[in-house]
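# Close look at the chain arrangement
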Amino acid sequence: MRIAVFASGNGSNFQVIADAINKQEIEGEIVLLFSDNRQAKVLSRAEKLGIPTQSFSPKDFSDKSTYEAEILHMLEEKEVELIVLAGYMRLIGPALLEAYPERIINIHPSLLPAFPGLHGIRDAYEAGVAETGVTVHYIDKGIDTGPIIAQEKVLIAPEDTLESLEEKIHQTEHRLYPAVLKRIIKEKEQ
Ligand code: GRF
């Protein structure tokens, strides 16, 4: 399976997926790491692994559809079959959604439909709920609304701080995302 990963920041999820592929736990190849942020740490992570990178921002284009047309062109050139979003902080537009139906996957740091949006961990912490979690889902045109593939709960203990909760969520993400990708790729290859 030819995979493109989209990421805007740190890239710890990208890293665990790339590591799982290197260990042959996932049957796939990351043929492209795309970032909309030229300063993102994920770019240097990919370069270290010898994974091809591309980076440009919607600001470099006259409008969002031209930006996405450029992305689509790049994906077609690389014959990408699956898009994995790993901290990509933008909505996916109609051209990409149409080109990749049920082939764009995202990870979100809450138990969707609870706490969608940019601050899933903080919002759950501030709401004072006893549990939150991690969701892997397909992308649709809404914000964190697509069909859910897998979820895992994370308990919020009374002594948890926002930082300790973030740590627990990321540990869960790093276990769940590679495991789910492994399964999905197997299913799609059949
Ligand atoms: C993760 O918490 C993910 O759930 C969210 O963005 C964060 C990305 O972290 N969509 P990283 O860049 O993979 O470290």
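As the structure is a computational prediction, the values presented were derived from the model and not from experiment. (Residues numbered from 1 in each chain as written. Predicted model: local features only at pLDDT ≥ 70, side-chain atom pairs only at ≥ 80, totals over all residues. Heavy atoms only, no water.)

## Some details on the UniProt feature "site: Raises pKa of active site His" (unreviewed entry) in the chain
Sites flagged by UniProt as "site: Raises pKa of active site His" (unreviewed entry) map to Asp 144. Within the element layout of this structure, Asp 144 appears in the loop between β6 (131-138) and β7 (148-155). Using a relative accessible area of 16% as the deciding quantity, one classes Asp 144 as buried. Engagement of the side chain of Asp 144 in a polar contact is seen with the side chain of His 108, the distance being 3.3 Å. (UniProt positions renumbered as here; feature names shortened; annotations may be inferred. Helix = DSSP H or I, 4+ residues; strand = E, 2+ residues; numbered from the N terminus. Buried < 20%, exposed > 50% of the residue type's maximum accessible area, 1.4 Å probe, protein only. Polar contact = N/O pair within 3.5 Å; in protein donor to acceptor, adjacent residues only side chain to side chain.)

## Things to note about the environment of Tyr 88
On the secondary structure map, Tyr 88 appears in the loop between β4 (82-85) and α4 (94-99). When the C-alpha positions of Tyr 88 and His 119 are compared, they lie 13 Å apart, and in sequence the two are 31 residues distant. Among the polar contacts made by the side chain of Tyr 88, one reaches the side chain of Tyr 67 at a distance of 2.7 Å.

## Focus on the pairing of β4
Side chains of β4 alternate between two faces, with Leu 82 and Val 84 and Ile 83 and Leu 85 buried alike. Here strand β1 (residues 2-6) runs beside β4; their pairing, made up of four bridges, is parallel. For Phe 6, the partnering residue across the bridge sits in β4 and is Leu 85. Crossover handedness for the path β4 to α4 to strand β5 (residues 104-108): right-handed. (Pairing = 2+ DSSP bridges. Right-handed = clockwise from strand over helix to strand, strands pointing away.)

## Details of helix α6 (residues 162-189)
The end-to-end C-alpha distance of α6, which contains 28 residues, comes to 40 Å, matching closely the 40 Å that a straight helix rising 1.5 Å per residue would cover. The complete set of buried residues in α6 reads Leu 162, Leu 165, Ile 169, Thr 172, Glu 173, Leu 176, Tyr 177, Pro 178, Val 180, Leu 181, Ile 184 and Ile 185. (Expected span 1.5 Å × (residues − 1).)

## Overview of the site of the ligand
Close to the ligand lie Asn 10, Gly 11, Ser 12, Asn 13, Gly 87, Ile 107, His 108, Pro 109, His 170 and Glu 173. Between the ligand and the protein, one listed contact pairs an oxygen atom with a side-chain N or O atom of Asn 10 at 3.3 Å. Gly 11 is positioned with one of its backbone polar atoms (N or O) 2.7 Å from an oxygen atom of the ligand. When contributions to the shell around the ligand are tallied by element, the ones reaching two or more residues are α1 (12-22), β5 and α6. Taken together, the residues that form the shell around the ligand break down as two nonpolar, seven polar and one charged. (Near = heavy atom within 4 Å. Nonpolar A, V, L, I, M, F, W, Y, C, P; charged D, E, K, R; others polar.)

## Examining the sheet that holds strand β2 (residues 29-35)
On the basis of which strands lie adjacent, the open sheet formed by seven strands has the order β3-β2-β1-β4-β5-β6-β7 and mixed pairing. If you trace the sheet from one side to the other, it starts and ends with β3 (53-55) and β7, each paired once. Along the sheet, successive strands turn relative to each other by an average axial angle of 20°, direction set aside. (Axes fitted to C-alpha atoms, helices over the stretch in contact; angles between N-to-C directions.)

## Examining the pattern of salt bridges
Any two side chains of opposite charge can pair if their charged atoms end up close together. Counting across every chain of the model gives seven salt bridges. Here Lys 168 ties to Asp 160 by a salt bridge, and the two come within 2.5 Å at their closest N and O atoms. Lys 168 sits in the partly exposed class, given a relative accessible area of 29%. Classification of Asp 160 as buried rests on a relative accessible area of 9%. Between Arg 183 and Glu 187 there is a salt bridge whose closest N-O contact spans 3.5 Å. Note that Arg 183 and Glu 187 are positioned in helix α6 at a spacing of four residues, about one turn of the helix. (Salt bridge = Lys/Arg side-chain N within 4 Å of Asp/Glu carboxyl O.)

## Some words on the nonpolar core
If you look at the biggest cluster of nonpolar residues, it comprises 39 residues, and the most contacted ones within it are Phe 14, Leu 33, Ile 105 and Tyr 177. Broken down by element, the residue count for this core peaks at nine residues, all from α6. Residues within four places of Leu 33 in sequence aside, it is in contact with Val 5, Ala 7, Phe 14, Val 42, Leu 43, Ala 46, Ile 51, Pro 52, Thr 53 and Gln 54. Counting 21 residues, the second-largest nonpolar core is a separate cluster that includes Val 31, Phe 34, Ile 83 and Leu 97. (Core = buried A, V, L, I, M, F, W, Y, C linked by side-chain atoms within 4.5 Å. Contact = heavy atoms within 4.5 Å.)

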